[in-house]
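Understanding the architecture of this molecule
For reference, the chains in residue letters:
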Protein chains: 2
Amino acid sequence: MQKYSLDNSVLMNGKKPPTGPAKLDPNSFVPLYHQLKEILKSSIATGVWKANDLIPSENELAFVHDVAVGTVKKALAELAREGFIVRRQGKGTFVARPDFGRSFFRFFRFDLSQANESVVPVSQVLFAGPTQPPPRAQEVLRLSMGEKTLQIKRLRAFNDLPLMYENVYLPERIFAGLDRIDISHELLYPIYDSKFNTPIIWADEFLEPCLATSEVAAHLGIGQGDPVIFVERIAYTFEDKPVEFRSSFGRGDRFRYHIELR
Amino acid sequence: MQKYSLDNSVLMNGKKPPTGPAKLDPNSFVPLYHQLKEILKSSIATGVWKANDLIPSENELAFVHDVAVGTVKKALAELAREGFIVRRQGKGTFVARPDFGRSFFRFFRFDLSQANESVVPVSQVLFAGPTQPPPRAQEVLRLSMGEKTLQIKRLRAFNDLPLMYENVYLPERIFAGLDRIDISHELLYPIYDSKFNTPIIWADEFLEPCLATSEVAAHLGIGQGDPVIFVERIAYTFEDKPVEFRSSFGRGDRFRYHIELR
DNA sequence: CAGTGGTCTAGACCACAAG
DNA sequence: TTGTGGTCTAGACCACTGG
């Protein structure tokens, strides 16, 4: 059984392809396993392999890239630890599906001690469409002069109780058309991934306490001057590229942010 | 040259010690490298090797525990990744010294964009002594009935500006005498480590915004009803044992909490 | 059964540190 | 020069999966 698409040229001479997919440089100062990691990562990033895809086996990769299996193992082990792939004994190695069942909690960790487990927040979209970004968004998203953004303004609620008032800015270049998708019962990050091929890998988050302005208070159903938390988030996709800027106001009486410091 | 204390018995028969320090079970379902990790970790935890100590080389460990060097390498690599040890090519492997130059920022991450780098906060100690813990502290520290705590109440300032008002609770059993140390210009975690052999490994932190009570406002030099952030922290030492409970109020106008979500 | 990843071995060569 | 950790190889055996 022939697996995957090994060039015939590869099979013919039994050695590394003269001008094939091999890109490892044995003379580099960068270790082979690290070079291999980067190659595999970029194959995922550029969509050569998509979420849940089975990728070639250790032996395949070792043969194609002309390295020992141990070197492949080391590269794959690190990618698995970093969450890019999932390995299953007896089955194979798969591109990781970002765990969106938990992505909400990954990136919006409040403490829902009394709430039940699988709550998905409901969003009331107040606005969705192209806008000129505010300077702060332009800066953190590294937009060129005059480049437009999609803006989403929404109210997020749990159990009919408004919890957060949010403004999201996205480069229109990447997310064109997102403003026409109904997101009122969806999480955004799975959509970024599946519809725009832009998974969120990590995020920077900044919190500060403040008092509700009359606008914020009205949206959240609290009084002006009540305590709220202001959260700024910059979310990044592959290669630490910022693709989302989000600023939110959370109700102080319902918000409890939890983080593990390691 | 004889290094470390290999039992003569070990050297005599050239095989694994009949009743020595070897504790690896080759028949266990737990992989050898993982068993070795746990043994090494507990040697650190129990003080057999202290911070900055040089630990035996890969070859030494492989010989003593009767496994291949590759297995030792794997165990050491994971311990290094988890921050328990530091490895230096050509020199050896050392027990990690918790990086207390940064511990303040590790556990109290505000954003000091404009502040200079090596600020150490000054503390004004308002109270330090044995107390009966409040129920919340008793719960999270898992104290037995009637067990006492040391309480430290202090005001932390940067550049003479009060920033946080803090209450710290510690099991007296572990930290007896800490209340007689001058901590006004010191960080607590290095003291826990060096004087009480209790390094802080990680922490759980909970944040919520609220309004300053008159007591908090007075301490922080702000008005009653101004925005403050309330932070609860449970800090853990080896084996996930909770050893510090801390609750703090931070000035909203000077506090900006930063976290990287990965 | 064959193929997969998980563990483990026993070497090799290298860059680096220190005497 | 010796000893260290860092990389890499080429095998071995195992447990697990699925046909």
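Figured I'd write up the structure that's included with this text.

Each value, and the rule that gives it
Residues numbered from 1 in each chain as written. Chains lettered and ligands numbered in written order. Predicted model: local features only at pLDDT ≥ 70, side-chain atom pairs only at ≥ 80, totals over all residues. Heavy atoms only, no water. Buried < 20%, exposed > 50% of the residue type's maximum accessible area, 1.4 Å probe, protein only. Helix = DSSP H or I, 4+ residues; strand = E, 2+ residues; numbered from the N terminus. Pairing = 2+ DSSP bridges. Near = heavy atom within 4 Å. Polar contact = N/O pair within 3.5 Å; in protein donor to acceptor, adjacent residues only side chain to side chain. Least-squares fit on C-alpha atoms with pLDDT ≥ 70 in both. Contact = heavy atoms within 4.5 Å. Axes fitted to C-alpha atoms, helices over the stretch in contact; angles between N-to-C directions. Parallel < 35°, antiparallel > 145°, perpendicular 65-115°, else oblique. Left-handed = near helix turned anticlockwise from the far one by under 90°. Nonpolar A, V, L, I, M, F, W, Y, C, P; charged D, E, K, R; others polar. Buried area = accessible area lost by both parts, 1.4 Å probe.

As for the pairing of strand β6 (residues 161-171) of chain B
Residues and elements named next belong to chain B.
- With 10 of 11 residues buried, β6 is to be regarded as a mostly interior element.
- The pairing of strand β5 (residues 149-158) with β6 spans 10 bridges and is classified as antiparallel. Directly across from I152, in β6, lies its bridge partner V168.
- The turn joining β5 and β6, which pair antiparallel and follow one another in sequence, is formed by two residues; a positive phi near 50 degrees is taken by N159.
- Relative to strand β9 (residues 241-251), β6 runs antiparallel, the two sharing six bridges. Residue pairing for β9: Y165 is matched across the bridge by F249.

Points about the protein's contact with DNA strand D
- Neighbouring DNA strand D are 21 residues, the closest being A:L32, A:A68, A:T71, B:R87 and B:Q89.
- When atoms of DNA strand D within 4 Å of the protein are sorted by moiety, sugar and phosphate together comprise 78%.
- Note that a phosphate oxygen of DNA strand D is positioned 3.4 Å from one of the side-chain N or O atoms of A:K74.
- Contact distances for DNA strand D include 3.0 Å between a phosphate oxygen and a backbone N or O atom of B:E58.
- When contributions to the surface near DNA strand D are tallied by element, the ones reaching two or more residues are α2 (32-45) and α4 (69-81) of chain A together with α3 (58-65), β2 (85-88) and β3 (92-95) of chain B.

Looking at the relation of the copies chain B and chain A
- Of the transformation superimposing chain B on chain A, the axial component is 0.1 Å and the angular component is 180 degrees, with the fit at an RMSD of 0.2 Å. Between the two chains, the operation in question is that of a two-fold axis. Residue B:P209 of chain B places its C-alpha closer to the rotation axis than any other residue of that unit, at 2.5 Å.
- Of all interface residues in chain B, 100% are interface residues in chain A too; the two copies therefore contact each other through one and the same surface.

Quick look at the protein's contact with DNA strand C
- The full set close to DNA strand C counts 19 residues, and A:R87, A:Q89, B:L32, B:A68 and B:T71 are the nearest of them.
- Atoms of DNA strand C within 4 Å of the protein: sugar and phosphate make up 79%, bases the balance.
- The side chain of A:R87 places a nitrogen or oxygen atom 2.8 Å from a phosphate oxygen of DNA strand C.
- Here a phosphate oxygen of DNA strand C and a side-chain polar atom of B:Y33 are 3.3 Å apart.
- Secondary-structure elements contributing two or more residues to the surface near DNA strand C are β2 (85-88) and β3 (92-95) of chain A together with α2 (32-45) and α4 (69-81) of chain B.

A short note on the sheet that holds strand β8 (residues 227-237) of chain B
- Strand order in the open sheet formed by seven strands is β10(A)-β7(B)-β8(B)-β9(B)-β6(B)-β5(B)-β4(B), and the pairing between neighbours is antiparallel. The open sheet terminates on both sides in strands that have one partner only, identified here as β10 (257-261) of chain A together with β4 (122-131) of chain B. For this sheet, the mean angle separating the axes of adjacent strands, direction not counted, is 15 degrees.
- Along the sheet, helix α8 (residues 188-196) of chain B makes contact with β5, β6, β8 and β9 of chain B, crossing β9(B) at roughly 160 degrees.

A closer look at helix α3 (residues 58-65) of chain A
Residue and element names in this part refer to chain A.
- Burial within α3 is extensive, with six of its eight residues counted as buried.
- Inspection of α3 places E58, E60, L61, A62, V64 and H65 among the buried residues, and these make up the whole buried set.
- Positive backbone phi, at 60 degrees, marks D66, one or two positions downstream of α3.

Focus on the packing of α3(A) against α4(A)
Residues and elements named next belong to chain A.
- The geometry of α3 relative to α4 is characterised by a closest axis approach of 9 Å and an angle of 115 degrees between their N-to-C directions. Taken together, α3 and α4 sit at an angle that is classed as roughly perpendicular. Of the two possible hands of crossing, α3 and α4 adopt the one that is right-handed. Of the residues in α4, those in contact with E58, N59, L61 and A62 of α3 are V69, V72, K73 and L76.
- Residue composition of the contact of α3 with α4, grouped by class: five nonpolar, one polar and two charged.

Topic: the interface of chain B and chain A
- On the side of chain A, 31 residues touch chain B, which itself brings 31 residues to the contact.
- Roughly 2900 Å² of surface becomes buried between chain B and chain A when both sides are summed, with 57% attributable to carbon and sulfur atoms.
- Linking chain B with chain A are four residue pairs in polar contact (both at pLDDT 80 or more), by the criterion used here.
- Of all the elements in the fold, those that place two or more residues in the side of chain B that touches chain A are α5 (103-107), β7 (202-211), β8 and β10 (257-261) of chain B.
- Here the side of chain B that touches chain A gets 10 residues from one element, more than from any other, and that element is β7(B).
- When its residues are assigned to classes, the side of chain B that touches chain A shows 15 nonpolar, three polar and 13 charged.

A short note on the side chain of A:D204
- Within the fold, A:D204 resides in strand β7 (residues 202-211).
- You can call A:D204 buried: its relative accessible area is 10%.
- For A:D204, the contacting residues outside a window of four places in its chain are A:E232, A:R233, A:I234, A:Y236, B:H258, B:I259 and B:E260.

So, the packing of α2(A) against α4(A)
Residues and elements named next belong to chain A.
- Running from N to C, α2 and α4 cross one another at 55 degrees; their axes reach a closest spacing of 8 Å. Overall, the two elements α2 and α4 adopt an arrangement that is oblique. Seen from above, α2 lies across α4 with right-handed handedness. Contacts between α2 and α4 involve L32, Y33, L36, K37, L40 and K41 from the first element and T71, V72, K74, A75, L76, E78 and L79 from the second.

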